[in-house]
Amino acid sequence: MSYLKDLNSQIQLIKFPHRGAGGFLMTRCKTLLFLFFTYFSLSAQNRYTISGFVREKGSQEQLIGVNIYVPNTSIGTTSNTYGFYSLTLPESKSLMLVFSYVGYQRVEKVIELNKNIELNIILEPTNELDEVVISAKKQDERVSESSQMSKIELPINQIKKIPTLLGEKDVLKVLQLMPGVQKGSEGQSGIYVRGGGPDQNLIILDDAIVYNANHLFGFFSTFNGDALKSVELTKGGFPARFGGRLSSVIELNMKDGNKEKLHGEGGIGLISSRLTLEGPIKKNKSSFLISARRTYIDVLSKPFIKAAQKRENPNVDATGGYYFYDLNAKLNYELGKKDKLYLSGYFGNDSFYADVADATTSYNNGINWGNNTATLRWNHLFNQKLFSNASLIYSRYRFGIFSKNARTDADTDITSVYQLNYDSGIRDYTFKYDFDYFPSPKHAVKFGLQSIFHRFTPSATVLKDDNINLFENKVDDIDVVESGLYAEDVWSPVDKLKLNVGVRLAHYKTNNTYFLRPEPRIALAYKLSNDLAWKASFAQMNQFVHLLSNTGLGLPTDLWVPTTDKLAPQNSKQFATGLAKDFDKQGFSVTLEGYYKQMNNIVNYKEGASFLVIDNPEAAEKVEWENNVTAGKGWSYGVEFLIQKKVGRFSGWIGYTWSKTQWQFPELNQGRVFFPKYDRRHDLSIVGIYELSKKITLSAVWVYGTGNALTIPLSEYTVYNDSSTPRNRFGDQTRLFWPSNRVNEYGERNSFRAEPYHRLDVAIQLHKKKKHHERTWEFGAYNLYNRKNPFFYVAGSSADTGGIFGGGNQVLAADNQLVLKRYSLFPIIPSFSYNFKF
Amino acid sequence: MKIINKIISQTKLILIPLLGVGGLGLLSCETILDDIPASRLPKIEQKLVLASFISPQDTAVIVRVTRSTPLFTDYLTNRGGFSVNGKDTTFFAQSNVVNDAKVTLSADNQDVTLKYDTKNEWYFISQKEFKIIGGKTYTLKAESKDLKAEATCTVPLDQIKIDSYAVDSTEEVDLFRSRKGFQFSLKWTDIKAKANLYRVRASLEYEILSPRFGQGNQVIYTPLITYSNITWDNEFNSIKAYLSDENVDGNKFTSPLGRAFLSANGSVSINGVRAEAKLSDKRPILTLELLNIDPNYAEYHKSIIRHEIAEDNPFAEPAPVFTNVKNGLGCFGASNRSVVVVKL
């Protein structure tokens, strides 16, 4: 409380008289600046700073979010993204500091604080099986301690134990198992947070925005768990340092690479294989990490495709296939005690190709898409209290179609070539400068700025033809600057209360639009008892980039477009409140949260609007996307419950969400309120991991969700076109009013509820330590009880069999009923994989 | 432009494996649902479906009346279909035709009842008996058993003159064949201070000689009138054939580029002797039309195109087909048109 008195007297002091009206503004500014610095640099007598980095034993990996606190007080802090911490405390003869972090043995240090101290700490990972002892020591990171709410942290080693589709470990799919976070369709890695769409998630990998986090149409995410150090998802109460999306921030950090010795990890699975290598370049000074993954369906199927083609027509060579790969790489270098450099990159690509050739002609067609990101970061420690990081970031998402045809004239032997390339995508250059300032144990300040220079390429076409000497190059770029200036303070005015107060100033500029919008953010936590806290938060967000997604699936054709004079930025206001309780003895925590979120100017397609460029690149290129989308509003509210046990022999969680989301668009459903497709009343996930022994890990996941809200055909009828032009109306009657097609009549938008979705996945891991390495066999099953979950529904005739494409040699019966058919995607899918570590 | 056509057809080659792996190919099963309780389904009822497009330039008014087939009911759907046998595709009729309806057309307190034509399965009245006039509003009513439907439309007042047109010959080459054809466009001037909607339409009529074997394996050719498919800006069934003067009121208009090709498909063979169909020497006839259309006509036809695009993509948001029929489905629309017939 003496601290508050100090503050008050400082405020009194600076109320000096103004020097005339002209200097008023100037004086105000100076006053504010003065206030700002005096506010944080209140120099109580004999305060000293302890600061340093927290690292992992062995790898020297810097640890994020380690709790550093003085036992039996409310004094504490956490390490930042680079493992740095700083605490400024009054002089003390014997001060006990505790360093604790989930999955690591806690460290207690007793120090004599009579000068500024640099204290670097090494934490040692614990063996899960010894957990009984550890949890009794209250080692867990406690949810009741932090002012942050609506945040999910995933321990990477837990992700690796959870059963998945085809054994491919996927961080985004694990996030989907958390309350407030939902999956879209079966098997998809798209993330829906508190009624928001997958376009409203800010996905950042080492500070770089990842625009399309999908491989293989969303069945797998682009993130390779082996290369990751941490994954955090924030769904509400956003700190001011984040901005630009409405619904969530998914922050992923790559490992820095082992600084002491070479270490490797890898696996061979059904879909892909992966390998990660990390090690020192110069011991304890610099290190590297490189991690790669590639699928091999194409390689395996190539001979079969070739053989099949040869059987059909021996003169024609045909191959085709699909693959994806991703590559993570990171280098870091310690320039000195105060400076560190990090260079990291991600390169991922998906590719579909089909090549056909005979004696005179060849076709090469394909579709490619992928993200590239690169981040250069410089950490600088100005002093023990002020940490800074400057980042230069490059990010690019590209989707392309290429088509090349070469034809050799048999008579003249002249080869003519034509070629079409279609591209769309987004490219960013970002500059970011962030500061962490730790003036006293009661304040932890972050401030900084960020500027993103976006270049949107909604479409670019390059066309070449030797024959008619045609060369076209159409590029339709839009340049945009998006910036944010922010300051936030985790402030503890009284012992029981912790606040995170902040503001972000969002700025956006294109040729013809300009926005400057302040975004207030506040979060608070009040301790009701030692292990129980009440939390509340409010956040306002703006989103200046929009994702045009035709399908709701993670198709590569999804297109990022900017805010323009016709398309306003999306914005949201979210209020959340809840309780967090730690059960220290039992080693688990419980959170209960409710939220209300309002969203304005959200974007959706107009009815029937289409952007599927694959069908006709030439036509799509002329599509005026601004005319095909429509804006509306939405609101969502819900209650989320999570009981989580992060460590121990038995770990896992139960997450349950009750929520309701509604949309209203003037141009959709005739202006009436409707449920968006992914409105979900109930969503339940149960995740359990059990370490049976040192050699055996068992795990299981059960999920349940209310069915999607869908628009289904209610009836079918024939439409007639006024399409023909008989010169004599009665002369050619058959062509007059040619029935165009059978079409569907739909009811209210999304008025049909799909059947509920549920599924059980299980896995068993067998670990064995060998002389030089450790290996793990994993056997799993996805959808163990073979539930036929709905993927989509179509109305069709009861006798109509065969594929959805119709066609072929099918004969439709003349008389039959119109029925609803459910298509489901994955039956029970067993999988196995072999993983190793050295 | 021919390149683009080729690329489009090629790109579709890619689309199939793409969708194949992307989803449909992985579909494990199709289940017919017959156990969904009615309470879970939105309200479903059968409706009358009307289709009539009137024009002062027509010699008659024709109205199609059919019924919709609701989901999960005992109503049978005479779904159209086709069977493929070698190169021949046979289409079945699509029906659900209503032949017992009372269909009336009225304007200015005058009304007439249309007659049913059993052969063509439609209702009609000659314009000698009931004239369609530009600028007038007409009401169409149909009643069958307990179903009733009604729709109104106004015929656009002006018949817009085609200022000029251009026709050129062209050729399309791809891997398998080369085809001769024509490309064409129209020009006209919009009427100022009036909201106008347009549709351009064309047909190419030509004759092919279809082969068959007569006595002594002698090849006999039979002349057969054929119509070519029309593309506008290289799209079949193109939404670009529909234009509006919104923001370009009073301007001079040029249609998208229309294209049509001549082809003679089909062959017969006996004992290794093969005879191909061929084009006759008769000159093809190109009919170019400019329709000044009412909003119902425009919305309905455009929505059908959108519906078809969305239907091909099971993941797309459904695109409802426009209707201006009260208590029913379908469209009652009108046009006022100008025609140019060109012998090529």
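Residue numbers here run from 1 along each chain, matching the order of that chain's written sequence. To read the labels, note that chains go from A and ligands from 1, taken in the order they are written. In keeping with the predicted nature of the model, local features appear solely for residues at pLDDT of at least 70, side-chain atom pairs appear and are counted solely at 80 or more, and the whole-chain, interface and lining totals rest on all residues. With hydrogens and water excluded, all non-hydrogen atoms of the structure serve as input to the side-chain values.

Quick look at the overall build of chain B
Part 1: Of regular secondary structure, chain B possesses 2 helices and 26 strands.
Part 2: For chain B, the proportion of its 344 residues judged to be buried stands at 52%.
Part 3: Taking all contacts inside chain B whose residues are at least 6 apart in sequence as the whole, residues at least 24 apart take part in 66%. Strands are runs of DSSP state E lasting at least 2 residues, helices are runs of H or I lasting at least 4, and numbering of each runs from the N terminus. Partly exposed residues are those whose accessible area sits between 20% and 50% of the maximum for their type, while under 20% is buried and over 50% is exposed, using a 1.4 Å probe and protein chains only. We call two residues contacting when some pair of their heavy atoms lies within 4.5 Å.

Here we look at the overall build of chain A
Part 1: Per the secondary structure count, chain A includes 8 helices and 48 strands.
Part 2: Counting only residues that meet the buried cut, chain A has 59% of its 838 residues in that class.
Part 3: Taking all contacts inside chain A whose residues are at least 6 apart in sequence as the whole, residues at least 24 apart take part in 67%.
Part 4: All accessible-area figures derive from a Shrake-Rupley calculation using a 1.4 Å probe, and residue coverage is judged against the displayed protein chains alone. Working note: accessible area of chain A is about 33800 Å², and carbon and sulfur atoms make up 58% of it.

As for the sheet that holds strand 11 (residues 137-144) of chain B
Residue and element names in this part refer to chain B.
Part 1: Strand order in the open sheet made by the 4 strands is 8-7-11-12, with antiparallel pairing throughout. Because the sheet does not close on itself, it has two edges, and the strands there are strand 8 (110-113) and strand 12 (147-154). Recorded for the sheet is a direction-independent mean angle of 15° between the axes of neighbouring strands.
Part 2: Note on pairing: two strands pair once DSSP finds at least 2 bridges between them. The sheet contact formed by strand 11 and strand 12 spans 8 bridges and is antiparallel. For L140, the partnering residue across the bridge sits in strand 12 and is A151. Only C-alpha atoms enter the line fits that serve as axes; for helices the fit covers just the stretch in contact. Angles between N-to-C directions range over 0 to 180 degrees.

Concerning the pattern of salt bridges
Part 1: By definition here, a salt bridge exists when the distance from a side-chain nitrogen of Lys or Arg to a carboxyl oxygen of Asp or Glu is within 4 Å. Counted according to the given criterion, the structure contains 48 salt bridges over all chains.
Part 2: One salt bridge in this structure joins R337(B) and D58(B), with 3.0 Å as the shortest N-O distance. Within this pair, whereas R337(B) is found in strand 26 (residues 328-343), its partner D58(B) is found in the loop between strand 2 (48-54) and strand 3 (60-67), the two being separated by 279 residues in sequence. Across the pair, exposure class does not vary: R337(B) and D58(B) are buried alike.
Part 3: Members of the salt-bridge network, linked through shared partners, are E61(A), D206(A), D207(A), K229(A), D256(A), K330(A), R377(A), K432(A) and D434(A).

Section: the packing of aromatic side chains
Part 1: We call Phe, Tyr and Trp rings a pair once their centres come within 6.5 Å, taking the six-membered ring for Trp, and we label the pair stacked below 30 degrees between planes, edge-to-face above 60, and tilted otherwise. Using the criterion set out here, one finds 44 aromatic pairs over all chains in the structure.
Part 2: When the ring of W663(A) is compared with that of F674(A), the centres are 6.2 Å apart and the planes differ by 80°; the resulting orientation is edge-to-face. Taken together, the residues span a long stretch of sequence, with W663(A) in strand 37 (residues 650-664) and F674(A) in the loop between strand 37 and strand 38 (682-691) at a distance of 11 residues.
Part 3: What makes F674(A) buried here is its relative accessible area of 3%.
Part 4: Taking the centre distance of 5.3 Å and the plane angle of 15° together, the rings of W188(B) and F253(B) count as stacked. Remark: F253(B) occurs in strand 20 (residues 252-254) and W188(B) occurs in strand 14 (residues 178-189); sequence separation between them is 65 residues.
Part 5: Residue W188(B) is classed as buried on the basis of its relative accessible area, which comes to 0%.

Quick notes on the sheet that holds strand 5 (residues 92-100) of chain A
Residue and element names in this part refer to chain A.
Part 1: Here 4 strands make up an open sheet; going across it, the order is 3-2-5-6 and the pairing antiparallel. In this open sheet, the two edge strands, each paired with only one partner strand, are strand 3 (76-78) and strand 6 (107-113). In this sheet, adjacent strand axes meet at a mean angle of 20° when their direction is disregarded.
Part 2: As paired strands, strand 5 and strand 6 are joined by 6 bridges and run antiparallel to one another. Each bridged residue has a counterpart across the sheet, and for F99 the counterpart in strand 6 is V107.

A look at helix 6 (residues 297-312) of chain A
Part 1: By this rule the span expected of a helix is its residue count minus one, scaled by 1.5 Å. For helix 6 of chain A, with 16 residues, the first-to-last C-alpha span of 22 Å sits near the 22 Å given by 1.5 Å per residue.
Part 2: Throughout, bend refers to the angle between the axes fitted to the seven residues that end at a position and the seven residues that start at it. Of all the bends in helix 6 of chain A, the greatest, near 30°, is centred on P303(A).

Let's talk about the nonpolar core
Part 1: Grouping buried Ala, Val, Leu, Ile, Met, Phe, Trp, Tyr and Cys residues that are joined through side-chain atoms within 4.5 Å yields what is termed a nonpolar core. If you look at the biggest cluster of nonpolar residues, it comprises 87 residues, and the most contacted ones within it are L175(A), F223(A), L228(A), V231(A) and L252(A).
Part 2: Those residues in contact with L175(A) that sit more than four places away from it in its chain are I152(A), L154(A), V181(A), I191(A), V231(A), L233(A) and I250(A).
Part 3: By size, the runner-up hydrophobic cluster in this structure holds 40 residues, among which are I160(B), L290(B), A298(B) and I305(B).

Here's the deal with the pairing of strand 25 (residues 415-440) of chain A
Residues and elements named next belong to chain A.
Part 1: Note: strand 24 (residues 386-408) against strand 25, 23 bridges, orientation antiparallel. In the sheet register, N389 faces strand 25, and the bridge partner there is D434.
Part 2: Between strand 24 and strand 25, which follow one another and run antiparallel, lie 6 residues, and D413 among them has a positive phi close to 60°.

A short note on the confidence of the model for chain A
All names here are of chain A.
Part 1: Per residue, pLDDT measures the predictor's confidence, with a range of 0 to 100. On average, residues of chain A score 82 in pLDDT, and 83% of them reach the 70 mark or higher.
Part 2: Here residues 612-622 scores under 50 on pLDDT; set against residues more than four positions off or in separate chains, the count is 29 contacts.
Part 3: Here residues 725-737 is a poorly scored stretch, pLDDT under 50, and it has 36 contacts once near neighbours within four places are set aside; other chains count.

Thoughts on the confidence of the model for chain B
Residues and elements named next belong to chain B.
Part 1: Looking at chain B, the pLDDT average stands at 80 and 79% of residues meet or exceed 70.
Part 2: In this model residues 1-28 is a low-confidence stretch, pLDDT under 50, and it forms 71 contacts with partners more than four residues away in sequence or in other chains.
Part 3: Taken as a whole, residues 78-94 scores under 50 in pLDDT and shows 45 contacts with residues more than four places along the chain or in a different chain.
Part 4: Across the interfaces of the predicted complex, the ipTM metric reaches 0.84, alongside a pTM of 0.77.

Structural notes on a nonpolar patch on the surface
Residues and elements named next belong to chain A.
Part 1: Patch definition: residues above 30% relative accessible area lacking any salt bridge, with like charges linked at up to 9 Å and the nonpolar side chains Val, Leu, Ile, Met, Phe, Trp and Tyr linked at up to 5 Å. A cluster of nonpolar side chains, contributed by I281, L331, L343, L376, L392, F431, L449, L485, L505, Y514 and L516, occupies part of the molecular surface with about 980 Å² of accessible area.
Part 2: Relative to the elements of secondary structure, L505 occurs in strand 29 (residues 497-509).
Part 3: With a relative accessible area of 34%, L505 lands in the partly exposed category.

Focus on the environment of T189(B)
All names here are of chain B.
Part 1: The topology assignment puts T189 in strand 14.
Part 2: In this structure T189 comes out as partly exposed when scored by relative accessible area, which is 28%.
Part 3: For the pair T189 and F253, spaced 64 residues apart in the sequence, the C-alpha separation amounts to 5.9 Å.
Part 4: Not counting residues within four places of it along the chain, the set of residues in contact with T189 comprises I160, D163, G250, N251 and K252.
Part 5: What qualifies as a polar contact is a pair of N or O atoms within 3.5 Å, subject to a donor-acceptor requirement within protein and to the restriction that residues adjacent in sequence count only when both atoms come from side chains. Only 2.5 Å separates the side chain of T189 from the side chain of D163, close enough to count as a polar contact.

A closer look at a positive patch on the surface
Residues and elements named next belong to chain B.
Part 1: Together, K102, K141, K148 and K326 make up a region of like positive charge exposed at the surface.
Part 2: Here K326 lies in the loop between helix 2 (295-311) and strand 26.
Part 3: Residue class for K326 comes out exposed when judged on its relative accessible area of 55%. When charges are counted, neither His nor the chain ends are considered; positive counts come from Lys and Arg and negative counts from Asp and Glu. The atoms used to mark charge sites are NZ of Lys, CZ of Arg, CG of Asp and CD of Glu.

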